[in-house]
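Analysis of the macromolecular model
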Amino acid sequence: MCRFVAYLGQPIPLDTLVCQPPHSLLRQSQHAAEAQTDTHGDGFGLGWYGTPAEPMVYRDAAPAWSSQKLQTLAAKMRSGLFFAHVRAATDGPTAPVNCHPFQLGRHLFMHNGQIGGYAGLRAELEALLPDHLYEFRRGSTDSELMFLLAIARMELGEEPIRAVVYVFDEVARRVKRARVPEPLRFCAALADGKVLYAFRLSTDKHPPSLYLRGDDEGTVIASEPLDHDRAAWTRVPTGSVVRVTRSAYMVQRVEELELQNTAF
(Lines give C-alpha, C1' and ligand atoms only; values in the text may rest on other atoms or scores of the structure.)
Protein backbone atom coordinates (compact mmCIF):
# COMPACT_ATOMS: atom_id res chain seq x y z
CA MET A 1 0.00 0.00 0.00
CA CYS A 2 1.08 3.59 -0.60
CA ARG A 3 1.07 6.76 1.50
CA PHE A 4 0.03 10.22 0.36
CA VAL A 5 -0.70 13.81 1.35
CA ALA A 6 -3.03 16.33 -0.31
CA TYR A 7 -3.48 19.99 0.63
CA LEU A 8 -5.86 22.83 -0.27
CA GLY A 9 -5.59 26.25 1.35
CA GLN A 10 -3.29 29.25 1.57
CA PRO A 11 -0.15 28.77 -0.53
CA ILE A 12 2.67 27.11 1.44
CA PRO A 13 5.98 25.46 0.54
CA LEU A 14 5.40 21.80 -0.29
CA ASP A 15 8.00 20.69 2.24
CA THR A 16 5.79 22.12 5.03
CA LEU A 17 3.92 18.81 4.78
CA VAL A 18 6.16 16.58 2.68
CA CYS A 19 9.45 16.86 4.59
CA GLN A 20 9.29 18.99 7.74
CA PRO A 21 6.74 17.38 10.15
CA PRO A 22 7.94 14.71 12.60
CA HIS A 23 5.89 12.08 10.76
CA SER A 24 6.14 13.68 7.32
CA LEU A 25 5.44 11.81 4.11
CA LEU A 26 9.20 11.54 3.62
CA ARG A 27 9.52 9.79 6.98
CA GLN A 28 6.54 7.57 6.16
CA SER A 29 8.39 6.35 3.08
CA GLN A 30 10.69 4.46 5.47
CA HIS A 31 8.68 4.23 8.68
CA ALA A 32 4.94 4.07 7.94
CA ALA A 33 2.86 3.39 11.04
CA GLU A 34 -0.52 2.35 9.59
CA ALA A 35 0.36 0.50 6.40
CA GLN A 36 0.84 -3.17 5.53
CA THR A 37 4.52 -2.45 4.87
CA ASP A 38 6.89 -0.15 6.75
CA THR A 39 8.77 1.03 3.68
CA HIS A 40 7.46 2.62 0.49
CA GLY A 41 10.45 2.70 -1.81
CA ASP A 42 8.95 2.09 -5.26
CA GLY A 43 9.00 5.72 -6.35
CA PHE A 44 7.40 9.03 -5.45
CA GLY A 45 5.66 11.96 -7.05
CA LEU A 46 4.65 15.57 -6.54
CA GLY A 47 1.82 17.44 -8.27
CA TRP A 48 1.02 21.11 -7.72
CA TYR A 49 -1.14 23.87 -9.15
CA GLY A 50 0.07 27.34 -9.93
CA THR A 51 0.33 29.19 -13.23
CA PRO A 52 -0.78 28.01 -15.79
CA ALA A 53 -3.99 26.39 -14.59
CA GLU A 54 -2.94 22.84 -15.49
CA PRO A 55 -0.88 21.23 -12.71
CA MET A 56 2.82 20.48 -12.84
CA VAL A 57 3.94 16.93 -12.01
CA TYR A 58 7.29 15.42 -11.06
CA ARG A 59 7.59 11.63 -10.70
CA ASP A 60 10.62 9.46 -10.03
CA ALA A 61 11.10 5.73 -9.56
CA ALA A 62 13.79 6.25 -6.91
CA PRO A 63 12.94 5.83 -3.21
CA ALA A 64 11.79 9.14 -1.73
CA TRP A 65 14.27 8.96 1.13
CA SER A 66 17.25 8.88 -1.26
CA SER A 67 16.13 11.71 -3.53
CA GLN A 68 17.74 15.11 -3.11
CA LYS A 69 15.51 16.26 -5.98
CA LEU A 70 12.40 15.64 -3.90
CA GLN A 71 13.65 17.72 -1.00
CA THR A 72 14.87 20.51 -3.28
CA LEU A 73 11.60 20.72 -5.23
CA ALA A 74 9.47 20.54 -2.09
CA ALA A 75 11.43 23.38 -0.50
CA LYS A 76 11.36 25.63 -3.57
CA MET A 77 7.75 25.18 -4.75
CA ARG A 78 4.79 26.93 -3.13
CA SER A 79 1.18 26.08 -3.89
CA GLY A 80 -2.30 26.35 -2.48
CA LEU A 81 -3.24 22.93 -3.88
CA PHE A 82 -0.80 20.07 -4.13
CA PHE A 83 -0.38 16.28 -3.95
CA ALA A 84 2.54 14.13 -2.78
CA HIS A 85 2.76 10.33 -2.92
CA VAL A 86 5.19 7.54 -2.02
CA ARG A 87 4.63 4.17 -3.64
CA ALA A 88 4.70 0.57 -2.44
CA ALA A 89 3.86 -1.30 -5.61
CA THR A 90 1.06 -3.87 -5.70
CA ASP A 91 1.13 -4.13 -9.50
CA GLY A 92 3.19 -2.76 -12.33
CA PRO A 93 6.98 -2.36 -12.46
CA THR A 94 8.90 0.33 -10.63
CA ALA A 95 8.99 3.08 -13.25
CA PRO A 96 8.13 6.80 -13.39
CA VAL A 97 5.02 6.14 -15.52
CA ASN A 98 3.60 4.01 -12.71
CA CYS A 99 4.27 6.58 -10.00
CA HIS A 100 1.59 8.91 -8.71
CA PRO A 101 0.06 11.43 -9.05
CA PHE A 102 -1.46 11.01 -12.49
CA GLN A 103 -2.42 14.10 -14.48
CA LEU A 104 -4.77 14.76 -17.37
CA GLY A 105 -5.73 18.32 -18.26
CA ARG A 106 -6.62 20.17 -15.09
CA HIS A 107 -7.09 16.98 -13.05
CA LEU A 108 -4.68 15.32 -10.61
CA PHE A 109 -5.27 11.88 -9.10
CA MET A 110 -3.44 9.58 -6.68
CA HIS A 111 -4.43 6.29 -5.10
CA ASN A 112 -3.62 3.94 -2.26
CA GLY A 113 -5.10 0.48 -2.56
CA GLN A 114 -5.61 -2.37 -5.00
CA ILE A 115 -8.05 -4.08 -7.33
CA GLY A 116 -8.32 -7.70 -6.21
CA GLY A 117 -7.47 -10.01 -9.10
CA TYR A 118 -6.36 -7.09 -11.25
CA ALA A 119 -4.16 -9.19 -13.54
CA GLY A 120 -7.15 -11.23 -14.66
CA LEU A 121 -9.47 -8.22 -14.98
CA ARG A 122 -7.10 -5.74 -16.58
CA ALA A 123 -8.08 -6.39 -20.21
CA GLU A 124 -11.79 -6.30 -19.38
CA LEU A 125 -11.47 -3.00 -17.52
CA GLU A 126 -9.23 -1.39 -20.13
CA ALA A 127 -11.85 -2.25 -22.76
CA LEU A 128 -14.20 0.19 -20.98
CA LEU A 129 -11.95 3.13 -21.84
CA PRO A 130 -12.98 5.29 -24.81
CA ASP A 131 -10.36 5.27 -27.55
CA HIS A 132 -9.45 8.92 -27.03
CA LEU A 133 -8.63 8.23 -23.37
CA TYR A 134 -6.84 4.95 -23.95
CA GLU A 135 -4.06 6.89 -25.66
CA PHE A 136 -3.34 8.54 -22.28
CA ARG A 137 -2.77 5.13 -20.68
CA ARG A 138 0.98 5.55 -20.12
CA GLY A 139 1.63 2.94 -17.40
CA SER A 140 0.23 -0.40 -16.30
CA THR A 141 -1.27 0.25 -12.86
CA ASP A 142 -4.83 -0.24 -11.69
CA SER A 143 -4.64 3.27 -10.21
CA GLU A 144 -4.09 5.03 -13.53
CA LEU A 145 -6.82 2.94 -15.12
CA MET A 146 -9.40 3.90 -12.48
CA PHE A 147 -8.44 7.56 -12.91
CA LEU A 148 -9.05 7.41 -16.66
CA LEU A 149 -12.35 5.58 -16.15
CA ALA A 150 -13.43 8.37 -13.79
CA ILE A 151 -12.43 10.96 -16.40
CA ALA A 152 -14.65 9.11 -18.89
CA ARG A 153 -17.59 9.45 -16.50
CA MET A 154 -16.91 13.14 -15.95
CA GLU A 155 -16.85 13.65 -19.71
CA LEU A 156 -20.39 12.27 -19.74
CA GLY A 157 -21.37 15.13 -17.41
CA GLU A 158 -21.10 13.33 -14.09
CA GLU A 159 -20.02 15.30 -11.02
CA PRO A 160 -16.54 14.19 -9.82
CA ILE A 161 -17.60 12.42 -6.60
CA ARG A 162 -20.33 10.47 -8.34
CA ALA A 163 -18.00 9.66 -11.24
CA VAL A 164 -15.35 8.13 -8.97
CA VAL A 165 -17.87 6.24 -6.82
CA TYR A 166 -19.56 4.90 -9.95
CA VAL A 167 -16.20 3.57 -11.17
CA PHE A 168 -15.52 1.99 -7.77
CA ASP A 169 -18.93 0.28 -7.79
CA GLU A 170 -18.53 -0.91 -11.38
CA VAL A 171 -15.07 -2.38 -10.72
CA ALA A 172 -16.32 -3.95 -7.47
CA ARG A 173 -19.18 -5.58 -9.39
CA ARG A 174 -16.76 -7.08 -11.90
CA VAL A 175 -14.40 -8.29 -9.15
CA LYS A 176 -17.33 -10.04 -7.47
CA ARG A 177 -18.58 -11.52 -10.74
CA ALA A 178 -15.12 -12.98 -11.37
CA ARG A 179 -15.24 -14.56 -7.88
CA VAL A 180 -11.97 -12.93 -6.89
CA PRO A 181 -11.32 -13.50 -3.17
CA GLU A 182 -9.13 -10.40 -2.73
CA PRO A 183 -10.92 -7.11 -1.94
CA LEU A 184 -11.06 -3.85 -3.84
CA ARG A 185 -9.52 -1.22 -1.56
CA PHE A 186 -9.58 2.40 -2.60
CA CYS A 187 -8.24 5.47 -0.83
CA ALA A 188 -7.74 8.23 -3.36
CA ALA A 189 -7.52 11.96 -3.92
CA LEU A 190 -8.74 13.89 -6.96
CA ALA A 191 -8.41 17.61 -7.72
CA ASP A 192 -9.49 19.88 -10.55
CA GLY A 193 -7.55 23.01 -9.62
CA LYS A 194 -10.27 24.44 -7.37
CA VAL A 195 -11.76 21.57 -5.37
CA LEU A 196 -10.09 18.61 -3.65
CA TYR A 197 -11.92 15.30 -3.28
CA ALA A 198 -10.87 12.32 -1.15
CA PHE A 199 -12.32 8.81 -0.96
CA ARG A 200 -12.06 5.97 1.57
CA LEU A 201 -13.85 2.93 0.12
CA SER A 202 -13.45 -0.83 0.24
CA THR A 203 -15.37 -4.01 -0.50
CA ASP A 204 -14.27 -5.34 2.89
CA LYS A 205 -13.98 -3.67 6.29
CA HIS A 206 -10.30 -2.81 5.98
CA PRO A 207 -9.73 0.17 3.68
CA PRO A 208 -6.37 1.94 3.87
CA SER A 209 -6.12 4.61 6.56
CA LEU A 210 -7.07 8.21 5.78
CA TYR A 211 -7.19 11.34 7.96
CA LEU A 212 -7.99 15.01 7.60
CA ARG A 213 -7.05 18.15 9.48
CA GLY A 214 -8.49 21.57 8.76
CA ASP A 215 -8.12 25.11 10.09
CA ASP A 216 -8.38 28.68 8.80
CA GLU A 217 -5.22 28.26 6.73
CA GLY A 218 -6.21 25.11 4.86
CA THR A 219 -7.14 21.41 4.88
CA VAL A 220 -4.76 18.46 4.82
CA ILE A 221 -5.74 14.96 3.71
CA ALA A 222 -3.16 12.34 4.70
CA SER A 223 -2.76 8.59 4.92
CA GLU A 224 -1.38 9.07 8.44
CA PRO A 225 -1.26 12.04 10.84
CA LEU A 226 1.85 14.08 10.10
CA ASP A 227 2.55 15.07 13.70
CA HIS A 228 2.03 13.81 17.25
CA ASP A 229 -1.15 15.81 17.90
CA ARG A 230 -3.49 13.00 16.92
CA ALA A 231 -6.45 14.72 18.57
CA ALA A 232 -6.25 17.37 15.85
CA TRP A 233 -6.75 14.78 13.10
CA THR A 234 -10.11 13.26 12.12
CA ARG A 235 -10.16 9.74 10.75
CA VAL A 236 -12.22 9.62 7.57
CA PRO A 237 -14.93 6.99 8.11
CA THR A 238 -15.02 3.87 5.96
CA GLY A 239 -17.36 4.32 3.02
CA SER A 240 -17.02 8.10 2.95
CA VAL A 241 -16.00 10.85 0.56
CA VAL A 242 -14.63 14.29 1.40
CA ARG A 243 -15.13 17.49 -0.59
CA VAL A 244 -12.70 20.30 0.24
CA THR A 245 -12.83 23.92 -0.89
CA ARG A 246 -10.70 26.82 0.26
CA SER A 247 -13.33 27.80 2.83
CA ALA A 248 -14.63 24.47 4.20
CA TYR A 249 -14.75 20.69 3.91
CA MET A 250 -17.66 18.25 3.96
CA VAL A 251 -17.60 14.51 4.74
CA GLN A 252 -20.40 12.48 3.17
CA ARG A 253 -21.38 8.82 3.33
CA VAL A 254 -21.52 7.03 0.00
CA GLU A 255 -25.00 5.74 0.85
CA GLU A 256 -26.23 9.32 0.63
CA LEU A 257 -25.25 9.64 -3.03
CA GLU A 258 -27.69 9.07 -5.86
CA LEU A 259 -25.77 7.44 -8.69
CA GLN A 260 -26.79 7.54 -12.33
CA ASN A 261 -27.21 4.24 -14.11
CA THR A 262 -25.64 5.29 -17.43
CA ALA A 263 -23.20 2.60 -18.50
CA PHE A 264 -19.75 3.23 -19.96
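Fair warning: this is a prediction, and the values are worked out from it, not measured in the lab.

**Digging into the overall build of the protein**
A tally of helices and strands in the protein yields seven helices and 13 strands. The C-alpha atoms of the protein give a radius of gyration of 17 Å, which matches the 18 Å a tight globule of 264 residues would have. Overall, the protein is about 45 × 40 × 35 Å in size when its C-alpha atoms are taken along their principal axes. Restricting the contact set of the protein to residue pairs at least 6 apart, pairs at least 24 apart contribute 66%. Of the side chains in the protein, 28 bear a positive and 30 a negative charge, and the two mean positions are spaced by 1 Å.

**Re helix α4 (residues 118-126)**
Those residues of α4 lying buried are Tyr 118, Leu 121, Leu 125 and Glu 126. Across the axial projection of α4, the buried residues extend over an arc of 130°, all falling on one side. In α4, the exposed positions angled more than 90 degrees off the buried face are occupied by Ala 119, Gly 120 and Ala 123. Against α5 (131-134), α6 (142-155) and α7 (160-177) lie the buried residues of α4.

**Section: the state of the cysteines**
Under the defined criterion, the tally for this structure stands at zero disulfides. No disulfide involves Cys 2; its nearest neighbouring cysteine sulfur is the one of Cys 99, lying 9.1 Å away. Overall, the relative accessible area of 7% leaves Cys 2 in the buried class. Judged by its relative accessible area of 0%, Cys 99 falls in the buried class.

**Concerning the environment of Ser 79**
Relative to the helices and strands, Ser 79 is located in strand β4 (residues 78-86). Distance in space between the C-alpha atoms of Ser 79 and Gly 50 is 6.3 Å, their sequence separation being 29 residues. For Ser 79, the residues in contact, after removing those within four places along its chain, are Tyr 7, Gln 10, Pro 11, Ile 12, Leu 14, Trp 48 and Tyr 49. In this structure the side chain of Ser 79 is engaged in a polar contact, spanning 2.8 Å, whose partner is the backbone oxygen of Tyr 49.

**Some thoughts on the pairing of strand β6 (residues 107-114)**
Among the eight residues in β6, eight count as buried, and that is most of the element. In β6, alternate side chains face the same way, and those of His 107, Phe 109, His 111 and Gly 113 on one face and Leu 108, Met 110, Asn 112 and Gln 114 on the other are all buried. Relative to β6, strand β5 (residues 102-104) runs antiparallel, the two sharing three bridges. Bridge pairing in β6 links Gln 103 to Leu 108. Counting the residues between successive antiparallel strands, the hairpin from β5 to β6 contains two residues, one of them, Gly 105, with a positive phi of roughly 60°.

**Points about the packing of α6 against α7**
Closest axis-to-axis distance for the α6/α7 pair is 8 Å, and the angle between their directions is 125°. The angle between α6 and α7 falls in the class oblique. For the crossing formed where α6 meets α7, the hand is right-handed. Where α6 approaches α7, its residues Met 146, Leu 149, Ala 150, Arg 153 and Met 154 are matched on the opposing element by Pro 160, Ala 163, Val 164, Tyr 166, Val 167, Phe 168 and Val 171. Tallied by class, residues from the contact of α6 with α7 come to 11 nonpolar, no polar and one charged.

**Things to note about the pattern of salt bridges**
Enumeration according to the criterion identifies 16 salt bridges in this entry. Across the pair Arg 3 and Glu 224 runs a salt bridge, and its minimum N-O distance is 2.8 Å. Here Arg 3, found in strand β1 (residues 3-13), pairs with Glu 224, found in the loop between β10 (218-222) and β11 (234-235); they are 221 residues apart in sequence, far enough to count as distant. In this structure Glu 224 comes out as buried when scored by relative accessible area, which is 1%. Linking Arg 177 and Glu 124 is a salt bridge whose minimum nitrogen-to-oxygen distance equals 2.6 Å. Residue Arg 177 is located in helix α7, and its partner Glu 124 is located in helix α4; the two are separated by 53 residues in the primary sequence. In the salt-bridge network here, residues are joined through shared partners; they are Glu 124, Glu 170, Arg 173, Arg 174 and Arg 177.

Analysis parameters
- Residues numbered from 1 in each chain as written.
- Predicted model: local features only at pLDDT ≥ 70, side-chain atom pairs only at ≥ 80, totals over all residues.
- Heavy atoms only, no water.
- Helix = DSSP H or I, 4+ residues; strand = E, 2+ residues; numbered from the N terminus.
- Rg over C-alpha atoms; globule rule 2.2 N^0.38 Å.
- Contact = heavy atoms within 4.5 Å.
- Lys, Arg positive; Asp, Glu negative; His and termini not counted.
- Charge placed at Lys NZ, Arg CZ, Asp CG, Glu CD.
- Buried < 20%, exposed > 50% of the residue type's maximum accessible area, 1.4 Å probe, protein only.
- Arc of directions from axis to C-beta.
- Disulfide = S-S within 2.5 Å.
- Polar contact = N/O pair within 3.5 Å; in protein donor to acceptor, adjacent residues only side chain to side chain.
- Pairing = 2+ DSSP bridges.
- Axes fitted to C-alpha atoms, helices over the stretch in contact; angles between N-to-C directions.
- Parallel < 35°, antiparallel > 145°, perpendicular 65-115°, else oblique.
- Left-handed = near helix turned anticlockwise from the far one by under 90°.
- Nonpolar A, V, L, I, M, F, W, Y, C, P; charged D, E, K, R; others polar.
- Salt bridge = Lys/Arg side-chain N within 4 Å of Asp/Glu carboxyl O.

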